[in-house]
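These are the residues of each chain, in order.
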Amino acid sequence: MQPNLREVAVKNVEIGSNVTIYQPANVYCCTLQDDVFIGPFVEIQAHTVIGRGTKVQSHTFICEYVSVGENCFIGHGVMFANDMFRDGKPNADRESWARITLGNNVSIGSGASILAVSICDGAVIGAGSVVTKDITQKGVYAGNPARLMRLL
């Protein structure tokens, strides 16, 4: 019996100028603005916008309904999640999923998890951090849950 394989790679993507996508990648139904870099083994799902000049490193997962500002850096293996399993199981209603927003010039270290939040311009998220609440003040945040380490 043949497995049911789906090959997406890059499909239905609005792509700006000078965009680089290293394969293999799974990028679909989203927007990549000018000068965006997408490393290998990245998945970017539908209804997501990656802002001009942003770099997304390998093995990163960006779920649906994420808005990333301009000139951001997203390290290796960063995970975004917007279904918080509020009923103890996955929610099939996409419209009820949270929206994640990153401002401009945000840097996220490798292995961080971003959970249904908003992060202000210029924030720095340390490697391995788990962001569970909105970040409204420019600074360096680290830990699980991520806490302000110092202002910038």
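Position numbers for residues start from 1 in each chain and track the written sequence from start to end. Under the rules for a predicted model, residues below a pLDDT of 70 receive no local features and side-chain atom pairs below 80 are neither given nor counted, while totals for whole chains, interfaces and linings still include all residues. As a rule here, side-chain values come from all non-hydrogen atoms in the structure, and water together with hydrogens is ignored.

**Digging into the state of the cysteines**
Moving on, step 1. Disulfides are defined as cysteine sulfur pairs within 2.5 Å. The final tally for this structure, using the stated rule, is 0 disulfides.
Moving on, step 2. No disulfide involves Cys29; its sulfur sits 7.6 Å from that of Cys30, the nearest cysteine.
Moving on, step 3. Throughout, exposure labels follow a simple rule: accessible area from a 1.4 Å probe, protein chains only, divided by the maximum for the residue type, with under 20% read as buried, over 50% as exposed, and the rest as partly exposed. We classify Cys29 as partly exposed; its relative accessible area is 37%.
Moving on, step 4. Note on Cys72: no disulfide assigned, nearest cysteine sulfur contributed by Cys120 at a separation of 11 Å.

**Observations regarding the sheet that holds strand β9 (residues 55–56)**
Moving on, step 1. Read across the open sheet, the 8 strands follow the order β3-β6-β9-β12-β15-β18-β20-β21; overall the sheet is mixed. What marks the edges here is a single partner per strand, and that holds for β3 (20–21) and β21 (147–151). In this analysis, strands are considered paired if DSSP registers two or more bridges between them. Note on conventions: DSSP H or I runs of at least 4 residues are helices, E runs of at least 2 residues are strands, and numbering of each starts at the N terminus.

**Examining the environment of Val27**
Moving on, step 1. Turning to its location among the elements, Val27 is positioned in strand β4 (residues 26–28).
Moving on, step 2. Classification of Val27 by relative accessible area gives buried; the value is 0%.
Moving on, step 3. Considering only alpha carbons, one finds Val27 and Ala9, 18 residues apart in sequence, at a separation of 5.9 Å.

**Here we look at the pairing of strand β20 (residues 139–142)**
Moving on, step 1. Two strands pair when backbone bridges link them, and strand β18 (residues 124–125) and β20 are joined in this way by 2 bridges, in the parallel orientation. Each residue of the ladder has a partner; that of Ile125, found in β20, is Tyr141.
Moving on, step 2. Where β20 and β21 come together, 4 bridges link them in antiparallel fashion. Its bridge partner being in β21, Ala142 is matched across the sheet by Arg147.
Moving on, step 3. Following β20, the chain reverses through 4 residues before pairing antiparallel with β21; Gly143 in that reversal takes a positive phi of roughly 105°.

**A short note on unusual backbone geometry**
Moving on, step 1. The step from Gln23 to Pro24 runs through a cis peptide bond, and the omega angle for that step is 5°.
Moving on, step 2. Here the bond from Asn144 into Pro145 is cis, since omega is 0°, no more than 30 degrees from zero.
Moving on, step 3. Of note in the backbone geometry, Asp35 takes a positive phi value of approximately 60° without being a glycine.
Moving on, step 4. What makes Asp35 partly exposed here is its relative accessible area of 35%.

**A closer look at the nonpolar core**
Moving on, step 1. Within the largest apolar cluster, 33 residues are counted, with the highest numbers of intra-cluster contacts made by Phe80, Ile108 and Ile119.
Moving on, step 2. Every element with two or more residues in this core is listed here: β11 (66–68) and β14 (100–102). The definition of a nonpolar core used throughout is a set of buried Ala, Val, Leu, Ile, Met, Phe, Trp, Tyr and Cys residues joined through side-chain atoms within 4.5 Å.

**Considering the sheet that holds β14**
Moving on, step 1. With respect to topology, 6 strands assemble into an open sheet ordered β2-β5-β8-β11-β14-β17, the strand pairing being parallel. Among the strands making up the open sheet, the edge pair consists of β2 (14–15) and β17 (118–119).
Moving on, step 2. Strand direction decides the pairing type here: β11 and β14, joined by 3 bridges, are parallel. Paired with Val66 across the bridge in β14 is Ile100.

**Details of the packing of aromatic side chains**
Moving on, step 1. Ring geometry is summarised as follows: Phe, Tyr and Trp rings, the Trp one being its six-membered ring, pair when their centres sit within 6.5 Å, and such pairs are stacked at plane angles under 30 degrees, edge-to-face over 60 and tilted between the two. Counted by the stated rule, this structure contains 1 aromatic pair.
Moving on, step 2. The lysine or arginine in question, Arg99, covers the ring of Tyr65, its NZ or CZ lying 3.6 Å from the ring centre. Only Lys NZ and Arg CZ are tested; either one counts as a charge over a ring when it is within 6 Å of the ring centre and within 35 degrees of the ring normal.

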